[in-house]
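What follows is the residue order along each chain.
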Amino acid sequence: MKPVYVKSKGLQDTELHYCPGCSHGIVHKLIAETLEELNIIDTSVLICPVGCGVFAGNYLACDAVEAAHGRAPAVATGIKRTCPDQPVFTYQGDGDLASIGIAEIVHAAMRGEKFTTIFINNGIYGMTGGQMAPTTLIGQKATTAPLGRQKELHGEPIRMCEMLSSLGGLVYAERVCVADVPHIIKAKRAIKKAFTKQLNNEGFTFVEVLAACPTNWAMTTRKANEWVLGPMAEYYPLGVIKEV
Amino acid sequence: MAKELWKGNEAIAEAAIRAGCDCFFGYPITPQNEIPEYMSLHMPQHGKVFVQAESEVAAINMVYGAAAAGKRAMTSSSSPGISLKQEGISYIAGAELPAVIINMSRGGPGLGTIQASQADYFQSTRGGGNGDYRTMVLAPQSIQEAVDLVQDAFDLADKYRNPVLILADGMIGQMMEPIEWKQRPSVELPPKDWAATGRHGREKNNFVTSLRIDAPDCELHNVHIQSKYDRMAEEELRYETIGCDGQEPEIILASYGTTARICWSAINRLERKYGIKAGLFRPITLFPFPYDQLHQIASRPGVKAVISVEMSQGQMVDDVKLAVNGAAPVHFFGRAGGSIPTVDEVADFAASVVKGGAGK
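Basis of the calculations
Residues numbered from 1 in each chain as written. Chains lettered and ligands numbered in written order. Predicted model: local features only at pLDDT ≥ 70, side-chain atom pairs only at ≥ 80, totals over all residues. Heavy atoms only, no water. Domains from an automatic or database assignment. Contact = heavy atoms within 4.5 Å. Buried area = accessible area lost by both parts, 1.4 Å probe. Salt bridge = Lys/Arg side-chain N within 4 Å of Asp/Glu carboxyl O. Polar contact = N/O pair within 3.5 Å; in protein donor to acceptor, adjacent residues only side chain to side chain. Helix = DSSP H or I, 4+ residues; strand = E, 2+ residues; numbered from the N terminus. Nonpolar A, V, L, I, M, F, W, Y, C, P; charged D, E, K, R; others polar. Pairing = 2+ DSSP bridges. Axes fitted to C-alpha atoms, helices over the stretch in contact; angles between N-to-C directions. Phe/Tyr/Trp six-rings, centres within 6.5 Å; stacked < 30°, edge-to-face > 60°. Buried < 20%, exposed > 50% of the residue type's maximum accessible area, 1.4 Å probe, protein only. Expected span 1.5 Å × (residues − 1).

Asker: Mind showing me how you'd approach the domain arrangement of chain B here?
Answerer: How big an interface is tends to be stated in terms of accessible area lost as the parts join. Residues and elements named next belong to chain B. According to the domain assignment, chain B contains domain 1 (4-235) and domain 2 (239-354). Relative to domain 2, the C-alpha centre of domain 1 lies at a distance of 28 Å. Taken residue by residue, the interface counts 32 residues in domain 1 and 29 residues in domain 2. Each partner contributes to the roughly 2,400 Å² buried at the junction of domain 1 and domain 2, and carbon and sulfur atoms together form 54% of this total. Of all residues in domain 1, the largest losses of buried area upon contact with domain 2 belong to Q118, Y121 and Q141, amounting jointly to 35% of the total for that side. Scanning the region where domain 1 abuts domain 2 turns up three salt bridges. One salt bridge in this structure joins D319 and R126, with 2.8 Å as the shortest N-O distance. Applying the counting rule to domain 1 against domain 2 returns 16 residue pairs in polar contact (both at pLDDT 80 or more). Listing elements by their share of the side of domain 1 that touches domain 2, those giving two or more residues are α5 (121-125), β6 (136-138), α6 (143-160), β7 (163-169), α7 (170-174) and α8 (215-235). Its residues assigned to classes, the side of domain 1 that touches domain 2 shows 17 nonpolar, nine polar and six charged.

As structure tokens, then:
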């Protein structure tokens, strides 16, 4: 009998700690498949964030380095500059990348560092328990914005793809989501394209994934995915934001 | 080999290149700017990596990344910038990575002054960042010694998989002295089989991390890294004494780096001006600190007191007291905030201690 589906060799044989309905597992799978299909499991180095993705090095099969909060692009720069033949990618959440690590991601993009960043945007701090992120939508409640995010008080959420796309070093930025099967297929294509461009030495590549966090959003999985496809995708438009 | 005249900062940069430094990540701050400037020109000429980072925070994390990939990585800064690097230094120590960090220290606190200072002793020797860790700290007093120590630092960092800090000051960085480039013996070092270099057929992935989420595991890790510091104290102590052996000094000046040189002259001044015999104890490794060695000297009959002489308000004096441990009274003399003690100030203070005029 021919198997119609097998687990990617890009994943280790271990249980993930992520909550039910969380998007991290799906994105891990898409990265794992990409590494396998491009035959780079054996050469790649992953930089993990601080946040829910902190254990990603225990899940993906490639070598990994755990960075301090927000510093993954700097760590990746140190690796890619000294090991230019190795595929290098960071995996970062929105607190990590868009808040504490904003300088590191902006300057890595400005320099056109030849690594890939997978940016998981779920509009909330997951690991620490649902605090407001720079990406939290207006009106969305968080444990540090109990009345919901207010424009006058907190400002408007940051659109990282658009912001980074103003920089010459960035050659590809696409925003995707994994809320249903068609979007998962598109997300896979984007991730694979980003890695392919990296392998072609084109420049900095960036894939933003709108992700669900049912636990901290206090939603069912179905409601959470509707939230991604509804209010989130409305504020954070899906699709290619920049391609050189 | 013939002697050459070099500026401290540039000599340190060249020493790193000769020590096989693969990559340098810097950020401008006075008085260390000649290090990144030199590296920006010379590293690419050697096929090595130079990156001017967006901040000291980014620079140390680039060091972390390159070190995690098994490369010989270095950064340099001065006091306020070294404070910013403490996050990364803690992660480097926690993840057990080798790295070399130069601090051309200046007066603080805060922005302070760009003049030379030794006010970062506590930060350097007590870990500096969060958690139970130490950096090995090497304190040169001359350009020659700085050059030698920088080259040793890379080997020591690799040997212990631990950050090594060169604690100098703006004086060492800015002055010029004749130096000799010595032939260095090659040292056998452990293989970097832990590095994240891509698996290349390795059975399991390497995951370089300082995260130990389970408390018992984290405690074991702490015990392990502490055992490295114990080993450093057994194998790596370095210090120098002047006027201590066979000369029965009445007073011992304990001093490191730039102030130790002032103390050399103060020893002569004490003899000529006051007829007082003084000795110098100069720790070269500030961590590990040569406690026993200083204790033995302070315990000799005839030693009336030990004075810690520093460009600070009194930091190394804590270690001097721990070392002397009651064997003799310990006094402190220092100038702070970028002011440098004069030879006369040191000699006059020491003379007043001998005559019993200065409080303990």
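Asker: Can you walk me through the sheet that holds strand β7 (residues 170-177) of chain A in this structure?
Answerer: Remark on secondary structure: sheet strands pair via backbone hydrogen bonds, oriented parallel or antiparallel. Pairing within the open sheet is mixed, and its eight strands lie in the order β9(A)-β7(A)-β8(A)-β4(A)-β3(A)-β1(A)-β2(A)-β9(B). The strands lining the two open edges of the sheet, one partner per strand, are β9 (239-243) of chain A together with β9 (207-208) of chain B. Across seven bridges, the pairing between β7(A) and strand β8 (residues 204-210) of chain A is parallel. If you follow C177(A) over to β8(A), its bridge partner there is L210(A). In the packing of helix α1 (residues 24-37) of chain A onto the sheet, the strands contacted are β3 (88-93), β4 (116-121) and β8 of chain A, and the crossing angle to β3(A) comes to about 175°. Each of β3, β4, β7, β8 and β9 of chain A touches helix α8 (residues 181-199) of chain A; the most contacted strand, β7(A), lies at about 165° to it.

Asker: Would you explain the packing of aromatic side chains in this entry?
Answerer: Note on aromatic pairs: each is described by the distance of the centres and the angle between the planes. Under the counting rule described, the total for this entry stands at 15 aromatic pairs over all chains. Ring geometry for F115(A) against F204(A): centres 5.4 Å apart, planes inclined by 85°, an arrangement best described as edge-to-face. In this pair, F115(A) is assigned in the loop between α5 (102-111) and β4 and F204(A) in strand β8, connecting sequence segments 89 residues apart. Across the pair, F204(A) and F115(A) agree in class, each one buried. Relative to F287(B), the ring of Y229(B) lies with its centre 5.9 Å away and its plane at 85°, an arrangement referred to as edge-to-face. Separated by 58 residues along the polypeptide, Y229(B) in helix α8 and F287(B) in strand β13 (residues 285-287) bring together distant segments of the chain. Accessibility expressed as a relative area gives 2% for Y229(B), which makes it buried. A connected cluster of aromatic rings, assembled from ring pairs, spans F115(A), F119(A), F204(A) and F206(A).

Asker: Honestly, helix α12 (residues 343-354) of chain B in this entry has me stumped. Any pointers?
Answerer: Residue pairs spaced three or four apart in an α-helix point in one direction, given the helix's 3.6 residues per turn. Residues and elements named next belong to chain B. A rise of 1.5 Å per residue sets the reference length of α12, with its 12 residues, at 16 Å; its end C-alpha atoms lie 17 Å apart and thus fit the reference within 8%. Buried residues of α12: V343, V346, A347, F349, A350, A351, V353 and V354, and no others. Following α12 by one or two positions, G356 adopts a phi angle in the positive range, close to 80°.

Asker: Sorry, what's going on with the interface of chain A and chain B here?
Answerer: Counting residues at the interface gives 35 residues for chain A, matched by 35 residues for chain B. Between chain A and chain B, the buried area comes to about 2,600 Å², and carbon and sulfur atoms account for 60% of it. Per-residue buried area on chain A facing chain B is highest for D42(A), D63(A) and T82(A); these three make up 22% of the total on that side. Across the chain A-chain B interface, the total number found is three salt bridges. Close ionic contact of E87(B) with R71(A) constitutes a salt bridge, the shortest N to O distance being 2.9 Å. Put simply, the parts of the chain that give the side of chain A that touches chain B at least two residues each are β1 (45-48), α2 (56-59), β2 (63-66), α3 (72-82) and α5 of chain A. Here the element with the most residues in the side of chain A that touches chain B is α3(A); it accounts for seven residues.

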